[in-house]
Amino acid sequence: MTDTTTYKQARLSRDARFDGLFFIGVVSTGIYCRPICPAPSPKEENVRYYSSAIEAAAQGFRPCLRCRPDSAPGSPAWMGKETTFRRALSFINEGYLHEHSVPELAERLGVSDRYLRKLFTESLGCSPKQYALYQQILFAKKLLHESQLSVTDIAFASGFNSVRRFNDCFLQQLSLSPTQVRRKELKSHEAMTLSMSFRPPYNWAAFKRFMAPRMISGLEWLTDTSYGRRFVHQGQQGSFTATLQKDKNAFLVVIDTEDPKLLFQVVNRIRYLLDLDANPEVIDDALKNNSSYECSNGIRIPGCWDMEEAGVRAYSGETLSTSHSPASHINSFLDSTESSQASFQEHWSAICKRFKHESWPETSPSVHLSQAQYAYARLRGLSLPDISDLDLFNADLTTSAKPWRSYLALAFNDINALSQANTVLGNE
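Report follows, based on the coordinates.

What counts, and at which threshold
- Residues numbered from 1 in each chain as written.
- Predicted model: local features only at pLDDT ≥ 70, side-chain atom pairs only at ≥ 80, totals over all residues.
- Heavy atoms only, no water.
- Salt bridge = Lys/Arg side-chain N within 4 Å of Asp/Glu carboxyl O.
- Buried < 20%, exposed > 50% of the residue type's maximum accessible area, 1.4 Å probe, protein only.
- Helix = DSSP H or I, 4+ residues; strand = E, 2+ residues; numbered from the N terminus.
- Arc of directions from axis to C-beta.
- Contact = heavy atoms within 4.5 Å.
- Core = buried A, V, L, I, M, F, W, Y, C linked by side-chain atoms within 4.5 Å.
- Phe/Tyr/Trp six-rings, centres within 6.5 Å; stacked < 30°, edge-to-face > 60°.
- Lys NZ or Arg CZ within 6 Å of the ring centre and 35° of its normal.
- Expected span 1.5 Å × (residues − 1).
- Axes fitted to C-alpha atoms, helices over the stretch in contact; angles between N-to-C directions.
- Parallel < 35°, antiparallel > 145°, perpendicular 65-115°, else oblique.
- Left-handed = near helix turned anticlockwise from the far one by under 90°.
- Nonpolar A, V, L, I, M, F, W, Y, C, P; charged D, E, K, R; others polar.

For side chains of opposite charge, pairing can occur when their charged atoms come near one another. Inspection of the entire model under this criterion finds 16 salt bridges. When the shortest N-O distance is used, the salt bridge between Arg68 and Asp70 registers 2.9 Å. Taking relative accessible area as the criterion, Arg68 reaches 14% and is therefore assigned buried. Relative accessible area serves as the criterion here: at 11%, Asp70 is assigned to the buried category. Glu318 serves as the salt-bridge partner of Arg313, at 2.9 Å between the closest nitrogen and oxygen. Classification of Glu318 by relative accessible area gives buried; the value is 1%. Taken together, the salt bridges that share partners define one network made up of Glu220, Arg229, Glu309, Arg313, Glu318 and Arg380.

Written as structure tokens, this is what we have:
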């Protein structure tokens with residue numbers, strides 16, 4: 001979507017399907033908004049359109065305190081960008097520039113500092129550091145609005161090394177101080193609750209049907225309206241429970257983590273796991289003519305915490321098909337004391353470390369994982385939208401479903417799962 005007419009129609013109708021896909025700068029007020037902003041619609045001559053929040057900010061617009069652009073779903077538009085640019089965003093979203101310089105990032109990516117800055121200028125109109133800093137500020141703003149953390153803890157959770165630096169950057173970027181945004185302040189060790197938006201529709205029923213037979217006892221939990229799990233991130237334990245708020249196109253997520261400094265990465269990981277930044281409007285439109293996709297609008301990729309976990313799930317026998325009781329396989333594997341289990345986990349952990357910030361290869365890097373198993377691990381561990389060698393595919397579907405073959409495979413799997421469930425009910 002790039003034409004002004006479509007932008008205009010979307011903002012005037014406040015269509016939630018376009019939330020986060022573009023932002024509106026209002027010249028008369030100097031602020032920028034989400035297309036769903038409840039404020040009175042400005043005149044078209046006072047409106048400027050931007051594909052990302054950072055582009056609007058680079059033109060001098062401040063975020064609206066009413067619709068809060070920091071709460072918009074993330075942009076999936078990076079799919080079409082150069083691989084180096086996508087890898088750089090991955091590093092930045094994991095907080096790499098919190099402790100490293102841009103030249104160090106460029107060296108890690110195998111490009112020059114000048115070339116990396118050129119990529120960001122051409123794609124976003126800003127430098128890598130400016131992009132990273134603005135993401136930190138928007139994340140801090142979200143925590144100030146919604147969390148119980150102290151301002152000090154929010155400063156560190158957002159990647160700043162001092163409260164003074166945080167206050168200066170916040171004021172410079174938003175023309176507001178943190179205390180002007182702050183609404184409440186409770187003890188930092190309490191669990192926090194954040195709202196995480198998505199673009200509708202969200203096929204929660206399909207998500208539940210996928211997750212239910214694959215639950216790891218003691219690690220995950222699932223109810224009619226929520227999914228939660230424990231996790232370990234950078235050696236720190238935590239947990240979250242995400243409850244669907246369908247009328248608000250969001251999940252209310254309660255997060256409990258030992259170290260607030262990891263919140264930036266944890267929140268991004270949860271968004272990947274629930275596939276909250278997908279654009280179902282585009283995906284559904286591309287797959288609507290395929291009979292396997294009927295009744296599957298809004299389907300999402302059900303992720304797991306990371307590739308290390310995904311590889312263990314795949315190795316233990318978990319697959320797209322539920323006919324093999326994948327939950328019993330993974331739970332038996334985890335309860336096993338056999339040396340083969342420990343050997344694989346050590347082997348796979350070393351591979352995951354090697355590819356932590358690199359592009360995972362198309363073919364399996366492990367002699368212990370078949371190509372089908374590796375494809376399943378990439379689906380759940382990386383949330384990739386276009387995996388071509390999932391075990392439910394046939395040649396006729398492979399080409400027509402590009403670049404959304406993962407979603408088509410999940411839709412096909414969901415139809416089978418629903419059919420099996422109906423058969424069981426019919427036999428009772």
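Bringing helix H5 (residues 102–109) into the picture now. Within H5, burial applies to Val102, Leu105, Ala106 and Leu109. Looking down the long axis of H5, one finds its buried residues gathered within 100° of arc, a one-sided arrangement. The secondary structure elements touched by the buried residues of H5 are helix H3 (83–93), helix H4 (96–99), helix H6 (113–124) and helix H7 (128–146). Where H5 terminates, the next one or two residues include Gly110, which has phi positive at roughly 80°.

Within the largest apolar cluster, 107 residues are counted, with the highest numbers of intra-cluster contacts made by Phe240, Phe251, Ile255 and Leu274. In terms of residue count, H7 provides more of this core than any other element does, 10 residues in total. If we skip the residues at most four places from it in the chain, Phe251 touches Leu194, Ser195, Met196, Phe198, Tyr202, Trp204, Ala242, Thr243, Leu244, Gln245, Leu274 and Leu276.

Each aromatic ring pair is specified by the distance between its two centres and by the angle formed by the two planes. Considering all chains together, one arrives at 27 aromatic pairs under this definition. A connected cluster of aromatic rings, assembled from ring pairs, spans Phe198, Tyr202, Trp204, Phe207, Tyr227, Phe231, Phe240, Phe251 and Trp305. The ring of Phe210 has Arg214 lying over it, and the distance from NZ or CZ to the ring centre is 3.8 Å. For the cation-ring pair, Lys261 lies above Phe156, with the distance from its terminal atom to the ring centre recorded as 5.5 Å.

Attention now moves to the side chain of Thr84. Inspection of the secondary structure assignment puts Thr84 in helix H3. Residue classification places Thr84 among the buried positions, given a relative accessible area of 13%.

Since the α-helix turns once every 3.6 residues, residues separated by three or four places project in the same direction. With 12 residues, helix H9 (residues 163–174) ought to run about 16 Å at 1.5 Å a step, and its terminal C-alpha atoms sit 16 Å apart, in line with that. Along H9, the residues that are buried comprise Phe166, Cys169, Phe170 and Leu174. Seen along its axis, H9 keeps its buried residues to an arc of 100°; they face one direction. Across from the buried face of H9, at angles greater than 90 degrees, the exposed residues are Arg164 and Gln172. Directly after H9, the chain includes Ser175, whose backbone phi takes a positive value near 55°.

Looking now at the packing of H3 against H7. Look at H3 against H7: their axes get within 10 Å of each other, and the N-to-C directions meet at 40°. The angle between H3 and H7 places the two elements in the oblique class. As H3 packs across H7, the resulting crossing turns out to be right-handed. Contacts between H3 and H7 involve Leu89, Ile92 and Asn93 from the former and Pro128, Tyr131 and Ala132 from the latter. Here the residues of the contact of H3 with H7 are counted per class, giving 5 nonpolar, 1 polar and no charged.

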